[in-house]
Amino acid sequence: MKTKDLKNKIKEDIYLLTPDVISKIDFNNLRIEEKEEEKQVVSRLNKFMLALSSTLALGIALVFIVINFSNSPSIQTRNLSFEAKEEIYSLSTFSSVMLLYQQKQLETSLMSDEVESELLINNQLDILNQYLNFLEPLVTDKNNLLFEIKTSSNINFKKEIKFTSILLNGVAVDYVLYYNEEVNDDETILIGIMEFLNEEYSFNGVLKKVNEQEEFSLKAYQISNQENYIEVEYKVENTKQKFNYSIYENDEEIFESEIRIELDEDGVFIELEYETDEKEINFLIYKENQNNTIYVEYEIENEESEEGYIIISVVYDNTLLRNVYNYQIHFGDSEIEYEKDRVIDDEEDEDEEEDEEEDD
């Protein structure tokens, strides 16, 4: 038998042996039941699709948030390290404004050499106190000294710096300055204002590079009295940050001083130097981290030299009803104690007293 005939024979046998059931099936009313496994597969698939949809929605939302925040004003916060120009702007302006605010007291202090005193240092305490009022925010733990740089909230200026510090009595304080910058090839020109104790001060400065190092000069004055002003010059000298201050009254220089600041892991060292007609005065100021006491070594050189040390802390005066500086002066076997004015947080103290009165 040929192969073709054999295949046909097999087909005929299959048809004869297979029952005729196809004609008996009603395909129109046929119902097919899903197996349990198939239901579980469909359920898992639905859950997967729901999770995928949620993930995609969340992703789209995150992209939307990132895009919107990238278009909002940027804010940069940094600790004191003297590595950013904004830190120099802030410290130069703040120190100048503080000295200007105290200028009347300073003029009185410059005449104190005419008063006879048992110790030479007694005649220099008023001057030291003027500088201590602006140095106090700088001798905090450097991790508590913050500079927030952002777009200005003052419509007249483009940039804003909020300088935040923790004072010796644990009070947090903020100082804000607003300014515009004009950047040229080799220098940056700065113009701005700062408000302090309800007074407005104006400043202008120039930042430039000299021998690969940045130097900054600034002039600050009270807007209502431009004939009295302070000029500051900043530069780095032997790893120390050096500030030179010249105080002017009626356009004439009446006092000059120099401050050098050095930070280390344990605290901050500050050298303050100035001269009078007869004396050269040097203060070495040290504040250790996690300690609210300032330690000062002093040296006065003239015909009769004097050396000693001072321990300074903030105490509450029950008579004045506010915080003051307490000076414990040690010279040889002698110890003398004084209290001096502290202006840096007087406004906050008054607010606290008013709050206490309202609570009563």
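In what follows, the accompanying structure is described.

### Topic: the packing of helix α3 (residues 85-101) against helix α5 (residues 125-135)
One can describe the packing of α3 onto α5 by two numbers: an axis separation of 9 Å at closest approach and a directional angle of 140°. Considering the angle they form, α3 stands oblique to α5. Relative to α5, the crossing made by α3 is right-handed. On α5, the residues touching Phe94, Ser95, Met98 and Leu99 of α3 are Gln130, Tyr131, Asn133 and Phe134. When its residues are assigned to classes, the contact of α3 with α5 shows five nonpolar, three polar and no charged.

### Details of the packing of aromatic side chains
As enumerated under the stated definition, the model contains 17 aromatic pairs in all. When the centroid spacing of 6.3 Å and the interplanar angle of 35° are considered together, the rings of Tyr274 and Phe283 count as tilted. A relative accessible area of 2% places Tyr274 in the buried class. Cluster of aromatic residues (ring-pair linked, three or more members): Phe94, Tyr101, Phe147, Phe163, Tyr175 and Phe196. Its guanidinium or amino end placed over the ring of Tyr229, Lys219 lies 4.2 Å from that ring's centre, counting from NZ or CZ.

### Some thoughts on α5
Of all 11 residues that make up α5, 10 are buried, and the element is covered over most of its length. For α5, the full list of buried residues reads Leu125, Ile127, Leu128, Asn129, Gln130, Tyr131, Leu132, Asn133, Phe134 and Leu135.

### What to know about the pattern of salt bridges
As enumerated under the stated definition, the model contains 13 salt bridges in all. Here Arg260 ties to Glu273 by a salt bridge, and the two come within 2.8 Å at their closest N and O atoms. Highlighted residues: Arg260 in strand β10 (residues 252-263) and Glu273 in strand β11 (residues 267-275), separated in sequence by 13 residues.

### Focus: the pairing of strand β15 (residues 322-331)
β15 sits mainly inside the fold: seven of its 10 residues count as buried. The pairing of β15 with strand β16 (residues 334-340) spans seven bridges and is antiparallel. Looking at the pairing, Tyr325 lines up with Lys340 of β16. The hairpin turn running from β15 into β16, its antiparallel successor, is two residues long, and Gly332 in that turn takes a positive phi close to 60°.

### Some words on the nonpolar core
Ranked by internal contacts, the top residues of the largest apolar core, which has 71 residues, are Ile121, Tyr131, Phe134, Ile259, Phe283 and Ile310. The dominant element in this core, judged by the number of residues it contributes, is α3, at eight residues. Apart from residues no more than four positions distant in its own chain, Phe134 is found in contact with Phe94, Ser95, Met98, Leu99, Tyr245 and Ile259.

Reading the values: the criteria
Residues numbered from 1 in each chain as written. Predicted model: local features only at pLDDT ≥ 70, side-chain atom pairs only at ≥ 80, totals over all residues. Heavy atoms only, no water. Axes fitted to C-alpha atoms, helices over the stretch in contact; angles between N-to-C directions. Helix = DSSP H or I, 4+ residues; strand = E, 2+ residues; numbered from the N terminus. Parallel < 35°, antiparallel > 145°, perpendicular 65-115°, else oblique. Left-handed = near helix turned anticlockwise from the far one by under 90°. Contact = heavy atoms within 4.5 Å. Nonpolar A, V, L, I, M, F, W, Y, C, P; charged D, E, K, R; others polar. Phe/Tyr/Trp six-rings, centres within 6.5 Å; stacked < 30°, edge-to-face > 60°. Buried < 20%, exposed > 50% of the residue type's maximum accessible area, 1.4 Å probe, protein only. Lys NZ or Arg CZ within 6 Å of the ring centre and 35° of its normal. Salt bridge = Lys/Arg side-chain N within 4 Å of Asp/Glu carboxyl O. Pairing = 2+ DSSP bridges. Core = buried A, V, L, I, M, F, W, Y, C linked by side-chain atoms within 4.5 Å.

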